[in-house]
Amino acid sequence: MREYRFWVYIMASRSRTLYVDVTSSLERRVWEHKNGVFDGFSKTYRCNRLVHRERFQHAGTAFAREKQLKGWSRIKKVALIQEENSGWVDLSADWGKAIEEIPF
């Protein structure tokens, strides 16, 4: 049986404008944000840094969480991000880069 993965994620701009969304392919969706593939809020405000993500097995649960986060105040979203990513580091910064080989 195929295992499905759904992600609720928060993208941020350098000035910390936030964008919350859900996807079944986090890598693809982050790439789209970083490359400005779609016009809209995240492109306009340059929300291209992945600062938070949560994985879910069921789409319904992921969509419910997305709706919950979108209803939160900015202060509550910032607190959620800072819980696990206090430096607001782009969690996808190293995606796609070659891994250095360790000499033996």
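Residues numbered from 1 in each chain as written. Predicted model: local features only at pLDDT ≥ 70, side-chain atom pairs only at ≥ 80, totals over all residues. Heavy atoms only, no water.

Caption draft 1: Local environment of the side chain of His52. Counting through the fold element by element, His52 comes out in strand β3 (residues 49–56). Within the structure, the side chain of His52 is placed 2.7 Å from the side chain of Glu54, a separation counted as a polar contact. With residues up to four places along the chain from it excluded, the contact list for His52 reads Val8, Tyr9, Ile10, Leu80, Ile81 and Leu91. (Helix = DSSP H or I, 4+ residues; strand = E, 2+ residues; numbered from the N terminus. Polar contact = N/O pair within 3.5 Å; in protein donor to acceptor, adjacent residues only side chain to side chain. Contact = heavy atoms within 4.5 Å.)

Caption draft 2: Looking closely at the nonpolar core. Ranked by size, the top nonpolar core spans 16 residues in total, and within it Val8, Ile10, Leu18 and Trp88 carry the most contacts. If one sorts the elements of this core by residue count, strand β1 (residues 6–12) sits on top with four residues. With residues near it in sequence (within four places) discarded, Val8 still touches Val20, Asp21, Val22, His52, Arg53, Glu54, Phe56, Ala62, Arg65, Glu66 and Leu69. Core analysis: the next-biggest nonpolar cluster, separate from the first, contains eight residues, Trp7, Tyr9, Met11 and Leu26 among them. (Core = buried A, V, L, I, M, F, W, Y, C linked by side-chain atoms within 4.5 Å. Buried < 20%, exposed > 50% of the residue type's maximum accessible area, 1.4 Å probe, protein only.)

Caption draft 3: Inspection of a nonpolar patch on the surface at higher detail. Taken together, Trp31, Val37 and Phe38 make up a surface patch of nonpolar side chains, about 330 Å² in accessible area. Relative to the elements of secondary structure, Phe38 occurs in the loop between α1 (26–34) and α2 (41–44). Taking the relative accessible area as the measure of exposure, Phe38 reaches 46% and is therefore partly exposed. (Patch = residues over 30% accessible without salt bridge, like charges linked within 9 Å, V, L, I, M, F, W, Y side chains within 5 Å. Areas by Shrake-Rupley, 256 points an atom, 1.4 Å probe, with all protein chains shown as cover. Salt bridge = Lys/Arg side-chain N within 4 Å of Asp/Glu carboxyl O.)

Caption draft 4: Spotlight on the environment of Ile81. For Ile81, the position within the fold is in helix α4 (residues 74–84). By relative accessible area, which is 0% here, Ile81 ends up buried. Through-space distance from the C-alpha of Ile81 to that of Ile10 is 8.4 Å; in sequence the pair is 71 residues apart. Once residues within four sequence positions are removed from consideration, Ile81 is found in contact with Ile10, Leu18, Val51, His52, Ser86 and Trp88.

Caption draft 5: Focus on the packing of aromatic side chains. Under the counting rule described, the total for this entry stands at two aromatic pairs. Centroid distance Phe41 to Tyr45: 4.7 Å. Interplanar angle 40°. Geometry classified as tilted. Among the aromatic side chains, those forming a connected cluster through ring pairs are Tyr19, Phe41 and Tyr45. (Phe/Tyr/Trp six-rings, centres within 6.5 Å; stacked < 30°, edge-to-face > 60°.)

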